[in-house]
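# Coordinate analysis (summary)
So the chains spell out like this:
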Amino acid sequence: MREVDAATAAQTLSEIGYLLRQDPNQKFRAKAFSSAAWAIAQVKPDLVELHEEGQLASLPGVGEGIAKVLTELIENGHSRYLDRLRGETGQPAREDESELDLRAYQGDLHSHTEWSDGKSTMLEMAQGAKARGYRYLGVTDHSPRITVVHGLDAERLLAQSQQMAEVQKQVEGLTLLQGIEVDILEDGSLDLPDAVLEILDFVIASPHVKLRQEPAAMTQRMRRAVSHPHVDLIGHPTGRRPGSREGASYDFELVFREAAKRGVAVEIDCDPARMDLSPEMARLALECGCNFALSSDAHSPAEFDYVPMGAWMARRAGIPQDRILNFHLDRRFRPAS
Ligand SMILES: [Zn+2]
Ligand SMILES: [Zn+2]
């Protein structure tokens, strides 16, 4: 019997769901696996105990088929079904996959609150991060251009920083960072003036609209964004929505190389609706010398669990823990202690 923890099981089911999504005929099956992965990531059940009691199928969203996969995982440490899907989709296991110790994950750098389109207050998000044992939380609401989500301008960012100071007093041991998810405009400029970006703890620049730009124009746009002196991280770098929307197409190698040169990290957004960068693209970024952030892009505290559920993407891409910012935020933000 293996010590299969809930995060490992959630990652296995999540990867199966992801691979199934590539076949339009398997849409419902894909959804079932992804939902079960999400349920396990949240409930964090003792799987070995449930298995011994023959109760795996009592978990929310876990039917006979998924229970079978979990049983095999607990008994043998891997899933033949996943192996087969990897083979069929041309993404077999590789020698150089990495190991990540999620207990060393220090905090999430991408989250939203009620200040823009999040569903929870800053305090609720901070308490959720603290409850997970995080030592940092980056609050990164949207910039003004995205009016439908009530993006923040300079004035509201200032008001937010005042609230953050208050919330900070209520979450001892957790350092709140004020960031922004600033929109990359069509010409590659950013949706807030430099003077505003400069005072924030860090800046994520993300493409949200006009993702179907011509690759040459898109390359220029992304290149300009990674060259911006205040940008620390490129959020969900393609904007894809697996199963429904193809992401932007550009000269990824050129942009990743530029990002590596400038010390700008690229994101693996673990939101199952995004999974962006994909493991294959993340592998390319790794080869180009980039560092990474492994983010939840959470809009509620429960969604912080997108990270333990989506960490398989970084492992499959072979990214060592040392290249993922979230595992060594102390190096960057040095808490007062
Ligand atoms: Zn975004
Ligand atoms: Zn976001």
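The text that follows walks through the structure, step by step, so that each part is easy to find. Computed from a prediction, not measured in an experiment: that's the story for all the values here.

Rules used throughout
Residues numbered from 1 in each chain as written. Chains lettered and ligands numbered in written order. Predicted model: local features only at pLDDT ≥ 70, side-chain atom pairs only at ≥ 80, totals over all residues. Heavy atoms only, no water. Core = buried A, V, L, I, M, F, W, Y, C linked by side-chain atoms within 4.5 Å. Buried < 20%, exposed > 50% of the residue type's maximum accessible area, 1.4 Å probe, protein only. Helix = DSSP H or I, 4+ residues; strand = E, 2+ residues; numbered from the N terminus. Contact = heavy atoms within 4.5 Å. Donors = N, O, S within 2.8 Å, 3.2 Å for Na, K, Ca; no water. Salt bridge = Lys/Arg side-chain N within 4 Å of Asp/Glu carboxyl O.

## Regarding the nonpolar core
Within the largest apolar cluster, 97 residues are counted, with the highest numbers of intra-cluster contacts made by L13, I40, L70, F256, F292, L294 and I319. If one sorts the elements of this core by residue count, helix α1 (residues 6-21) sits on top with eight residues. Apart from the residues lying within four places of it in its own chain, the contact partners of F292 are A265, V266, I268, A282, A285, L286, I319, R323, I324, L325 and N326. Judged by nonpolar contacts, the second largest core, of 10 residues, contains Y136, L177, I204 and L233.

## So, the coordination of the zinc ion (ligand 1)
Octahedral metal centres with six donors ideally show angles of 90 or 180 degrees, and tetrahedral centres with four donors ideally show 109.5 degrees. For the zinc ion (ligand 1), every protein donor is listed as E181 (OE), H208 (NE2) and H236 (NE2), and the spread of their distances is 2.1 to 2.2 Å. Look at where the donors of the zinc ion (ligand 1) fall in the sequence and you get E-x26-H-x27-H. In this model, the zinc ion (ligand 1) sits 3.4 Å from the zinc ion (ligand 2), the two metals being bridged by E181. Separated by 55 residues along the polypeptide, E181 in strand β3 (residues 175-183) and H236 in the loop between β5 (233-234) and α10 (252-262) bring together distant segments of the chain.

## Examining the pattern of salt bridges
For the coordinates displayed, the defined rule picks out 23 salt bridges. In this structure, K119 and E303 form a salt bridge, with 3.3 Å as the shortest nitrogen-oxygen distance. With K119 in the loop between β1 (107-108) and α6 (122-131) and E303 in the loop between β7 (292-295) and α12 (306-310), the pair connects residues that are 184 residues apart, well separated along the chain. By relative accessible area, K119 is classed as exposed at 56%. The class for E303 is buried, based on a relative accessible area of 12%. For D183, the salt bridge is made with R145, and the minimal N-O distance between the two is 3.3 Å. A residue pair is termed long-range when its members are at least 10 positions apart, and D183 in strand β3 and R145 in the loop between β2 (136-139) and α7 (154-168) qualify at 38 residues. The partly exposed category is assigned to R145, whose relative accessible area is 31%. Three or more residues joined by partner-sharing salt bridges are found here, namely E15, R86, E97 and R316.

Shape is all these values report; function is a separate question.
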